[in-house]
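# Geometric and topological summary
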Amino acid sequence: MSTLTYAVHDSTTMLRRNLKHALRYPAVSLGPVMTPILMLLLFVYAFGDSIGAGMGGGRDAYLEYLTPGVIIMGVAAGAMSTSIAVCTDMTEGIINRFRTMNISRSSFMTGHVVGSVLTTLVSLVLVVGVALALGFRSAASPLEWLAAAGLLAAITFAVTWLSCALGLISKTVESASNKPLLVQFLPFLGSAFVPADSMSPGLRWFAEYQPFTPMTETLRGLLSGSEIGNNGWISLAWCAGITLVGYLWSRSLFNSSTKR
């Protein structure tokens, strides 16, 4: 077999290992999704009427606005489980076992990233299911739903690579769970919950130029069947940049750690 074939085979083995861990410990893999679900319930039922009235609608209108932001928040919430899983493998000795085996060095990270992407996407299905149960309805066509799924996969892939790097630089599982907090709460400082135009000037400037705002607006436009403008291209550019930084950072950290 060629080198590429061996790498794919080893990555598949690592992916199967990580998926088995996810099934064995669902609280770790799917636990972070409870945060966006609780936020959805809280903002819709506690603040939906007042915020919706301020936006020129009611609770149902605010649910339509809020759901895309909460879905993006679900992607960011998956960062914690990825960081914890990578840190656990790096600190509990299993990586030393992998060093003695004739396996592709890249398969360790590839297995973690692909496994985390799959579990995060499953979590997003749960978030969408809760939103639909609350009354969310989309005017998107099948093609727009497909584009929305592709966008979420791209965002998840980017955030997961960054989370992998955060797990590699963490010395303990506790620190690995804390480092992705900034990623998790960035959607709060964007247009996920309220329009950026309603914020104070300084916060509005930050919200307009941080990555999760165009991502949220793109998803919101796709699910509502409305125009997305330049947000789609900006979102893809952010995804590509974050993926590249996360991948190069992760590879550098992993190579340096396995040489010790």
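Scroll up for the structure.
The present account deals with the structure reproduced in this document. Since we're looking at a predicted model, the values are computed, not measured.

### Examining the pattern of salt bridges
Here the structure, examined in full by the defined rule, presents two salt bridges. For the salt bridge of Asp-49 with Arg-59, the shortest nitrogen-to-oxygen distance reads 3.1 Å. Here the residue Asp-49 occupies a position in helix α4 (residues 48–54), and Arg-59 occupies one in helix α5 (residues 59–91), the gap between them amounting to 10 residues. Of the residues examined, Arg-59 reaches a relative accessible area of 30% and is grouped as partly exposed. Put simply, Arg-220 and Glu-217 hold a salt bridge, and the shortest N to O gap is 2.7 Å. Note that Arg-220 and Glu-217 are positioned in helix α12 (residues 212–224) at a spacing of three residues, about one turn of the helix. Residue Arg-220 is classed as buried on the basis of its relative accessible area, which comes to 9%.

### Considering the packing of helix α7 (residues 107–134) against helix α8 (residues 142–169)
Running from N to C, α7 and α8 point in directions that differ by 130°, and their axes come no closer than 9 Å. Here α7 is positioned oblique relative to α8, judged by the angle of their axes. Seen from above, α7 lies across α8 with right-handed handedness. Of α8, the residues touching α7 (which contributes Met-109, Val-113, Ser-116, Val-117, Thr-120, Leu-121 and Leu-124) are Leu-152, Ala-153, Thr-156, Phe-157, Thr-160, Trp-161, Cys-164 and Leu-168.

### Structural notes on α7
An ideal rise of 1.5 Å per residue puts 40 Å on 28 residues; α7 measures up with 41 Å between its terminal C-alpha atoms. Following α7 by one or two positions, Gly-135 adopts a phi angle in the positive range, close to 120°.

### Things to note about the environment of Ser-250
Within the secondary structure, Ser-250 sits in helix α13 (residues 231–258). Take Ser-250: its relative accessible area is 0%, and that puts it in the buried class. The spacing of Ser-250 and Ala-165 is 85 residues in sequence and 4.5 Å in space, taken between C-alpha atoms. For Ser-250, the contacting residues outside a window of four places in its chain are Met-109, Trp-161, Cys-164, Ala-165 and Leu-168.

Parameters and conventions
- Residues numbered from 1 in each chain as written.
- Predicted model: local features only at pLDDT ≥ 70, side-chain atom pairs only at ≥ 80, totals over all residues.
- Heavy atoms only, no water.
- Salt bridge = Lys/Arg side-chain N within 4 Å of Asp/Glu carboxyl O.
- Helix = DSSP H or I, 4+ residues; strand = E, 2+ residues; numbered from the N terminus.
- Buried < 20%, exposed > 50% of the residue type's maximum accessible area, 1.4 Å probe, protein only.
- Axes fitted to C-alpha atoms, helices over the stretch in contact; angles between N-to-C directions.
- Parallel < 35°, antiparallel > 145°, perpendicular 65-115°, else oblique.
- Left-handed = near helix turned anticlockwise from the far one by under 90°.
- Contact = heavy atoms within 4.5 Å.
- Expected span 1.5 Å × (residues − 1).

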